[in-house]
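Summary of structural features
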Amino acid sequence: MTLQPKSVAPNHDQGSLYPLTPEFPEDYNASAILFDNLAAGRGGRIALRSDLGDRTYDQICADAGRFGNALLSLGLTPGDRVLLFLDDTPVYAAAFFGALRAGLVPMLINTLSPADSVRFFLEDSNARVAVVDAVFTDLFSPETLAGTSCETVIVTNGDAPAGCHGQAWIETFPAELAAVPVGPEAMAFWMYSSGSTGRPKGVVHRHCDMAYTVEGYARPVLAMTEEDCCFSIPKIFFAYGFGNSLTFPFSVGASALLLSGRPTPSRIYNQIARHRPTILFGLPTLYTAMIKDDSAALADLTSVRLCISAAEILSEDVFESWRGRFGHRIVEGLGSTEVLHIYLTNSEDWQKPGSAGQCAPGYEVKLADSDGVIVPEGEEGIMWVRGGSNALTYWNRPDKTAETMRDGWIYTGDRFTRDEDGFYFFRGRADDLVKVSGQWVYPLEIELALAEHPMVRECAVLAIEMADRRTTLKAWVVAERDAVSGPALTKQLQDYLKHELLPYKYPRSIDYLDSLPKTGTDKIDRQALRSRE
């Protein structure tokens with residue numbers, strides 16, 4: 001299987017157009033991303049590193065083969081769904097690629113999901129099997145499973161409760177498993193959207209999508225080789241973490257460092273010192289926490305050659321602080337679950353802090369209105385994106401599919417501007433414009449300005465409806481340690497925003513917290529903040 005770039009002149013009006021033309025065998029199975037390393041002579045190379053020990057490509061392929069054979073022994077047939085509720089350990093790679101190789105459809109589920117969400121995922125997908133880490137088995141109680149299609153729970157990384165299969169059962173199956181021929185366009189795996197505007201949506205990806213992200217991002221932007229070791233702080237169930245920890249390293253015979261549990265700054269720095277990764281993948285909230293933690297002073301990042309950030313906007317203060325302490329210019333990008341990984345990116349050689357970057361090879365972006373009509377050059381518009389890794393549908397959601405996936409484009413609902421160099425700048429959601437005191441404002445504009453104040457460690461700004469149905473702006477702030485939270489600081493921050501922006505662009509109230517709530521993908525949990533009101 002190869003992906004050959006087609007030579008096309010850049011489209012400077014709407015970003016860089018550099019399509020890739022995939023060439024896959026008719027019977028292509030995406031498990032080749034892992035198993036092709038055996039034919040390449042890399043079986044003895046380390047594929048995964050963790051505190052549980054190293055696993056070579058030979059071992060991971062054998063583990064995956066056993067998983068696939070075990071799943072098939074349960075009577076599953078190609079296309080059947082398998083729910084994965086796993087933390088980041090080598091078992092994740094084995095379960096995912098084993099299911100894929102067997103022609104099954106693994107579902108990567110956020111491990112912070114409560115029991116009612118687990119039940120929804122089972123009902124929505126008709127998954128017949130769930131593979132679950134032992135620490136999460138309470139979420140898969142008989143009450144949760146009752147009335148769903150889930151017949152079997154396989155428990156890993158710990159003891160299996162009565163009625164469940166355990167790791168010892170998996171080990172009884174043969175390691176050899178031939179790939180089930182499925183084809184590049186066949187359904188391969190699902191990821192669920194965050195559900196920020198309603199119940200989560202099952203994003204359906206094909207067997208060809210993983211390889212496309214390799215050619216569109218990993219090779220040209222990361223310039224990865226088999227000598228690299230990737231350390232993704234975002235988890236595998238997150239599309240960004242999935243590419244970082246599985247797709248990208250396995251595609252070139254490199255290794256990945258996996259960290260289970262909560263990734264605190266001190267744990268992250270300790271892992272880097274112990275395992276010496278070369279590429280670090282994080283999020284703005286994580287880089288902020290890391291650079292402002294006491295452990296940063298003695299941290300050793302000399303093994304790291306590249307730092308990547310995605311999902312949210314990185315503040316210029318954190319960008320400069322990180323560069324000053326570690327010598328790395330964090331490379332920002334933007335991706336989505338629907339596109340599977342990053343499609344806008346800066347580069348080490350050319351980047352603009354605060355920008356999501358330029359189009360990655362193989363992707364096309366346009367700024368348009370909600371109907372797809374391109375806006376005039378220099379004006380703000382809603383971002384539409386297309387590329388060979390785009391999901392084609394939301395499972396069982398024709399309404400949302402029609403709303404978001406239009407004629408090969410993904411309608412993101414995000415507002416952007418583009419500068420003369422083709423760099424894109426996020427301006428908020430299309431539906432974020434609110435009227436406060438008779439004036440139209442975007443809360444994100446205020447949040448970004450507030451984040452640059454030296455007394456602010458982290459913040460969020462939202463529009464809140466008051467009892468009389470009027471709308472007001474509210475901020476939640478994590479203050480720096482030497483700041484005194486209270487009315488005096490509130491007035492200082494409000495005056496700062498009035499000066500930096502306009503007199504009406506400031507939060508009418510500010511709450512001070514020890515930390516902001518985070519989602520399972522370590523983004524600020526704005527729903528949780530709103531629920532406090």
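Below is a summary of the structure that appears in this document. (Residues numbered from 1 in each chain as written. Predicted model: local features only at pLDDT ≥ 70, side-chain atom pairs only at ≥ 80, totals over all residues. Heavy atoms only, no water.)

**Regarding the sheet that holds strand β9 (residues 187-192)**
Rules: Note on pairing: two strands pair once DSSP finds at least 2 bridges between them. In DSSP terms, a helix is any run of H or I states spanning at least four residues, a strand is any run of E spanning at least two, and both are numbered starting from the N terminus.
The strand order across the open sheet formed by 7 strands is β8-β7-β5-β6-β9-β10-β20, and the pairing between neighbours is mixed. The open sheet has two edge strands with one neighbour each: β8 (152-156) and β20 (393-394). For strand β5 (residues 81-85) and strand β6 (residues 105-108), the ladder comprises 4 bridges, and the chain directions are parallel. Bridged to Arg 81 within β6 is Val 105.

**Description of the environment of Ala 239**
Rule in force here: Accessible area is worked out with a 1.4 Å probe on protein chains only. A residue is then buried under 20% of its type maximum, exposed over 50%, and partly exposed in between. In this description, contact between two residues means that some pair of their heavy atoms is separated by no more than 4.5 Å.
Mapped onto the elements of the fold, Ala 239 is located in helix α8 (residues 239-252). On the basis of relative accessibility, which here comes to 4%, the residue Ala 239 falls in the buried class. Apart from the residues lying within four places of it in its own chain, the contact partners of Ala 239 are Met 191, Ser 336, Thr 337, Leu 340 and His 341.

**Side note on the pairing of strand β28 (residues 509-512)**
This is how the line gets drawn: Handedness is read with the strands pointing away from the viewer; a crossover is right-handed when the path from the first strand over the helix to the second is clockwise.
Here strand β27 (residues 471-479) pairs with β28 via 4 bridges, running parallel. Paired with Val 477 across the two strands is Tyr 512, which belongs to β28. In this fold, the crossover linking β27 to β28 by way of helix α14 (residues 487-500) has right-handed handedness.

**Notes on unusual backbone geometry**
Its identity as a non-glycine residue notwithstanding, Asn 126 has a phi of 60°, on the positive side. A positive phi angle, near 60°, is found at Asn 396, a position not held by glycine. Along the chain, Asn 396 falls in the loop between β20 and α12 (398-404). Relative accessible area serves as the criterion here: at 58%, Asn 396 is assigned to the exposed category.

**Brief notes about the pattern of salt bridges**
Basically, it comes down to this: Note on definitions: salt bridges are taken to be side-chain nitrogens of Lys or Arg within 4 Å of carboxyl oxygens of Asp or Glu.
All told, the structure shown has 33 salt bridges when counted by the stated rule. Of the charged contacts in the structure, one is a salt bridge between Glu 320 and Arg 323, with a shortest N-O distance of 2.7 Å. With Glu 320 and Arg 323 both in helix α11 (residues 316-326) and 3 residues apart, this pair spans about one turn of that helix. The class of Glu 320 is partly exposed, set by a relative accessible area of 34%. The salt bridge involving Asp 511 is made with Lys 474; its shortest N-O contact spans 2.8 Å. Of this pair, Asp 511 sits in strand β28 while Lys 474 is found in strand β27, placing the two residues 37 residues apart along the sequence. Ionic contacts of the salt-bridge type, sharing partners, join the residues Arg 42, Arg 45, Glu 226 and Glu 227 into one network.

**So, the packing of helix α13 (residues 443-451) against α14**
Definition in use: To obtain each axis, a line is fitted to C-alpha atoms, and for helices this fit is confined to the stretch in contact; angles are then taken between N-to-C directions over 0 to 180 degrees. Crossings are assigned a handedness: left-handed for a near helix turned anticlockwise from the far helix by less than a right angle, right-handed for a clockwise turn. Any residue that is not Ala, Val, Leu, Ile, Met, Phe, Trp, Tyr, Cys, Pro, Asp, Glu, Lys or Arg is counted as polar, Gly included; the first ten are nonpolar and the last four charged.
Interhelical geometry of α13 versus α14 gives an angle of 115° and a closest axis separation of 10 Å. Classified by chirality, the crossing of α14 by α13 is right-handed. Residue-level inspection shows Ile 446, Ala 449 and Leu 450 of α13 in contact with α14, the latter providing Leu 493, Tyr 496 and Leu 497. Counted by class, the contact of α13 with α14 contains 6 nonpolar, no polar and no charged residues.

**Details of the sheet that holds strand β15 (residues 331-335)**
Overall, mixed pairing links the 9 strands, which are arranged β4-β3-β12-β11-β13-β14-β15-β16-β17 in an open sheet. The sheet terminates laterally at β4 (55-56) and β17 (358-359), the two strands that pair on one side only. In terms of strand pairing, strand β3 (residues 46-49) meets strand β12 (residues 255-257) through 2 bridges, oriented parallel. Within the sheet, the bridge partner assigned to Leu 48 lies in β12 and is Ala 256.

**Regarding the pairing of β6**
Neither face of β6 is left uncovered, since the one carrying Val 105 and Met 107 and the one carrying Pro 106 and Leu 108 both have all their residues buried. Crossover connection from β5 via helix α3 (residues 90-101) to parallel β6: handedness right-handed. Examined bridge by bridge, β6 and β9 share 2 bridges and lie parallel to one another. If you follow Leu 108 over to β9, its bridge partner there is Met 191.

**Examining the nonpolar core**
For clarity, the threshold we go by: Here the nonpolar core consists of buried residues drawn from Ala, Val, Leu, Ile, Met, Phe, Trp, Tyr and Cys, with membership extended through side-chain atoms lying within 4.5 Å.
Among the nonpolar cores identified, the biggest contains 97 residues, and Leu 280 and Trp 322 are the most heavily contacted of them. No other element matches α3, which puts 9 residues into this core. Formed by 23 residues, the second largest nonpolar core is a distinct cluster that contains Val 105, Ala 127, Phe 136 and Cys 150.

**Remarks on the side chain of Asp 80**
Put simply, the rule reads: Pairs of N or O atoms are called polar contacts if they sit within 3.5 Å, as long as, within protein, a hydrogen donor faces a hydrogen acceptor (for residues adjacent in sequence, only side-chain-to-side-chain pairs).
Checked against the element boundaries, Asp 80 lands in the loop between α2 (57-73) and β5. A distance of 3.2 Å separates a polar atom in the side chain of Asp 80 from a polar atom in the side chain of Arg 128.

**A look at α8**
Under the convention used in this document: Under the convention used throughout, the expected extent of a helix is 1.5 Å for every residue step, that is, one less than its residue count.
In this model, α8 (14 residues) spans 19 Å end to end at C-alpha, consistent with the 20 Å of a helix rising 1.5 Å per residue. The buried count for α8 comes to 14 of 14 residues, which makes it a mostly enclosed element.

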